[in-house]
Amino acid sequence: MALEDICRFKDRHHKWFPFSSLEDTDTSLYMMDYFNLRWRGLRTSEKNSAIPLDFFTPPSANSASFCLPNHSTTVRRPFPLSHGTTTLGFIFQGGVIAAADTRASAGGLVACPAVHKITPIHSHLVVTSSGSGADCMLWERILTREIRLYQLRHRRRLSIRGTAKLLSFMLHPFKGTEVCVALTLCGWDKESGPKLIYVCSDGARLQGDIFSVGSGSPYAYGVLDGGLKWSLSKDEAISLAREAVFRATHRDAYSGNNVDLFHITAQGWSQRKREDLKEEYYRDMEKRSKDRRGKIKRE
Amino acid sequence: MEYLIGIQGQDFVLVAADNVAASSIIQMKHDYDKMFKLSEKILLLCVGEAGDTVQFAEYIQKNVQLYKMRNGYELSPAAAANFTRKNLADYLRSRTPYHVNLLLAGYDDSDGPGLYYMDYLSSLAKAPFAAHGYGAFLTLSILDRYYRPEMKLNLKKITKTGPK
């Protein structure tokens, strides 16, 4: 995608995308003009209408007079969407931990038990996703593309805060529509160290030390708030994150299956092997029965 | 619910905001800054819908700074308040209205201190004291009872880290 754009590959399939017939290409290049990327005298709007940029203009934003007679703006849903997930991220002395469950639910059905909710964007940034699965996958891909383009154009990597702001501004035209993404950017900046920023399709953009998103987040917050300290060791932090996701999946019906864990340091991200929470549950049961046996013995 | 308060004195305006950024029942941040510096003598406090607050406030902030760059002098607080209100009003009947409640506090070298109350329907009022949020129901009556225009600022009680 990025290579296509940088080589000014002309995309001929405009007819599939009604928005490309917009007279005023300024609105479709909302993101481009905002950052004034008019490089080499050529306006990007004149070169090619690469698919994702046209896509930025939702049906109802900006152009009051614009009307799409043939395109139906609402597609009937085949099943009810629900935003079941548990994702979390926190910063400690050893870097950033990002953890998430792997269940994709559609109403009461487990649509997929092995989804990747944490996606790397570049070597020092991963993003955890929650909300609508399709929206998240698309916006992660768009974000990866834009960050790569920025890196190619400006010969430096965009900071995590800049990435979050870019994502927030890209999502803003879709506020009020059914786009639902809640992403947590977990990364390491060369200049300013570990960063954790929550970006949501509502427009919220919050930087903090600990975030948990999704239907299982209250349960995860309970465990994290109780056990999180700056001085945790790497193993303690990983086990805390795993415990938090486990407790959330235990109580929340829409989270479960496995837990993915990423650890981000100055050297980049590293992924832990995906762990089945079933094992965690049996370990927990073992521990409880051992405690109970110990208590009975003492009494 | 987010809370803002502003009190104007003879030669100062005192503003305060809570530090919570909440998402339904979860407090996502407890050290969130709701104040936006428009210029050395103007402060904008903004609460309301999640993305709208930052988007709108930053838009106003950048435009006020742009004015200074273009014209060489800063906007007065009254002008900044009216500019903000005009933008809010323009967006009100568009497809994307901004649901934000604002307090603008400023000090004009010729007119003195000014506190401007704005709400999401883009009403603008220069007031001696004002508040937003559920807390306003509780504090406005206290301010009505005890406010005096000649109140003095007790600087000893307010340190750099905030009121004690």
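Chains are numbered independently. Their residues run from 1 in the order of the written sequence. Each chain is given a letter, starting from A, and each ligand a number, starting from 1, according to the order in which they appear as written. pLDDT decides what is reported in this predicted model: residues at 70 or higher carry local features, side-chain atom pairs at 80 or more are listed and counted, and totals for whole chains, interfaces and linings draw on all residues regardless. To get the side-chain values, all heavy atoms of the structure are used, and hydrogens and water are removed first.

Residue and element names in this part refer to chain B. On the basis of which strands lie adjacent, the open sheet formed by three strands has the order β2-β1-β10 and antiparallel pairing. Looking along the sheet, the strands with just one partner apiece sit at the ends: β2 (13–17) and β10 (129–132). For this sheet the average axis-to-axis angle between neighbouring strands, irrespective of direction, equals 5°. Each pair of strands is called paired provided DSSP finds at least two bridges between the two strands. Note on conventions: DSSP H or I runs of at least 4 residues are helices, E runs of at least 2 residues are strands, and numbering of each starts at the N terminus. The pairing of strand β1 (residues 4–8) with β2 spans five bridges and is antiparallel. Each bridged residue has a counterpart across the sheet, and for Ile5 the counterpart in β2 is Ala16. Pairs of residues are marked as contacts when any of their non-hydrogen atoms sit within 4.5 Å. Whenever a helix is involved, its axis is fitted only over the stretch in contact; in every case the axis is a line through C-alpha atoms, and angles between N-to-C directions fall within 0 to 180 degrees. Running over the sheet, helix α3 (residues 134–146) touches β1 and β10 and is turned about 170° from β10.

Attention now moves to the side chain of Arg242 of chain A. Residues and elements named next belong to chain A. Of note, Arg242 is situated in helix α9 (residues 234–251). Overall, the relative accessible area of 12% leaves Arg242 in the buried class. Residue contacts for Arg242: discarding those within four places in its chain leaves Val259, Leu261, Arg272, Glu275, Glu280 and Arg283. Residue exposure (1.4 Å probe, protein chains only): buried if accessible area is under 20% of the type maximum, exposed if over 50%, otherwise partly exposed.

Two aromatic rings, drawn from Phe, Tyr or Trp (for Trp, its six-membered ring), form a pair once their centres lie within 6.5 Å of each other, and the interplanar angle then sorts them: stacked below 30 degrees, edge-to-face above 60, tilted otherwise. Overall, the coordinates contain ten aromatic pairs over all chains when judged by the stated rule. Judged by centre distance (5.4 Å) and plane angle (50°), the ring pair of Phe262 of chain A and Trp269 of chain A falls under tilted. Residue classification places Trp269 of chain A among the partly exposed residues on the basis of a relative accessible area of 32%. An aromatic cluster is built from Phe246, Tyr281 and Tyr282 of chain A, whose rings are joined through pairwise contacts. Here, a charge over a ring is recorded when the distance from Lys NZ or Arg CZ to the ring centre is within 6 Å and its angle to the ring normal is within 35 degrees. Stacked on the ring of Tyr116 of chain B, the Lys or Arg Lys126 of chain B has its end atom at 5.9 Å from the ring centre. The ring centre of Tyr146 of chain B lies 4.8 Å from the NZ or CZ of Arg145 of chain B, which sits over that ring.

Before going further, it helps to examine the sheet that holds strand β7 (residues 181–189) of chain A. Sheet strands pair by backbone hydrogen bonding; their relative direction is either parallel or antiparallel. All names here are of chain A. Across the sheet, which stays open at both edges, the five strands sit in the order β5-β6-β7-β8-β9 with antiparallel pairing between neighbours. Of all strands in the sheet, those with a lone pairing partner are β5 (118–122) and β9 (205–207), marking the two edges. The mean angle between the axes of side-by-side strands here comes to 20°, regardless of whether they run parallel or antiparallel. In this sheet, β9 lies alongside strand β8 (residues 193–200) in antiparallel orientation, the contact comprising three bridges. Bridge pairing in β9 places Val199 opposite Arg205. Sitting on the sheet, helix α7 (residues 160–171) touches β6 (125–131), β7, β8 and β9, and the angle it makes with β8 is about 10°.

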